[in-house]
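Descriptive analysis of the structure
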Amino acid sequence: ILTGAGVSVASGIPDFRSPGGMYDSLRPELITATPYQRQLMEADPTYVVEKNMFLQNSFPYLEVRRPFILGTRKKKWKPTIAHRFAELLHTKTSKLTRVYTQNIDGLTEACNNLPPDKIVAVHGTICKASCEVCGTKVDFDEFCNDVEINIKDIYNLDDQDK
């Protein structure tokens, strides 16, 4: 099975490209970036997730993805029927070879009856953190604590959670 953003949208996670998605709602003027980086994001919102941009300045990506990172820690989203279909295909028929997912949301991994060796997270998963340069693993809760404390809440969601 090959899955993408469509299987997770039903859980409440907006995709990147749809109306109201990350690229559509990107507000570069709120992001911690140089004027040139903001100009690039205004011209092409996908620049916020470019690896070179992240290596130069990780704040834009982390600020934009902060609600998703912290929501993942809180298990705000649950696997959908599409995720559960893969799980049932494995448990009831043993016919599942692999689930290749483009999603980083960890919802496929949240299906407890789906063995990790059946899941290939093509773009990785937000549920695990490591250094982008050297690969050193970081405890996910520790990473989330650092994000919560050190990364600006550009959407003012912290006030809504109180």
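Okay, so let's go over this structure. (Residues numbered from 1 in each chain as written. Predicted model: local features only at pLDDT ≥ 70, side-chain atom pairs only at ≥ 80, totals over all residues. Heavy atoms only, no water.)

Looking at the sheet that holds strand E1 (residues 2-3)
For clarity, the cut-off: In this description, strands pair whenever DSSP reports at least two bridges between them. In this description a helix means any DSSP run of H or I spanning at least four residues, a strand means any run of E spanning at least two, and both kinds are numbered starting from the N terminus.
Taken in spatial order, the three strands of this open sheet run E1-E2-E3, and their pairing is parallel. Taken across any chain shown, the strands that pair with only one partner, and hence form the sheet edges, are E1 and strand E3 (119-121). In this sheet, E3 lies alongside strand E2 (residues 99-101) in parallel orientation, the contact comprising three bridges. Residue pairing across strands places Thr101 opposite Ala121, the latter belonging to E3.

A word on the packing of aromatic side chains
Here is the rule we go by: Working definition: rings of Phe, Tyr and Trp (its six-membered ring) pair if their centres are within 6.5 Å, and the pair is stacked with planes under 30 degrees apart, edge-to-face with planes over 60 apart, and tilted otherwise. Each residue's exposure class comes from its accessible area (1.4 Å probe, protein chains only) as a fraction of the maximum for that residue type: buried when under 20%, exposed when over 50%, partly exposed otherwise.
Enumeration over the complete set of coordinates arrives at four aromatic pairs. Ring centres of Phe140 and Phe143 lie 6.4 Å apart, and the angle between their planes is 35°; on these two criteria the pair is classed as tilted. Of this pair, Phe140 and Phe143 are both found in helix H7 (residues 140-150), three residues apart, which corresponds to roughly one turn of the helix. The class for Phe140 is buried, based on a relative accessible area of 15%.

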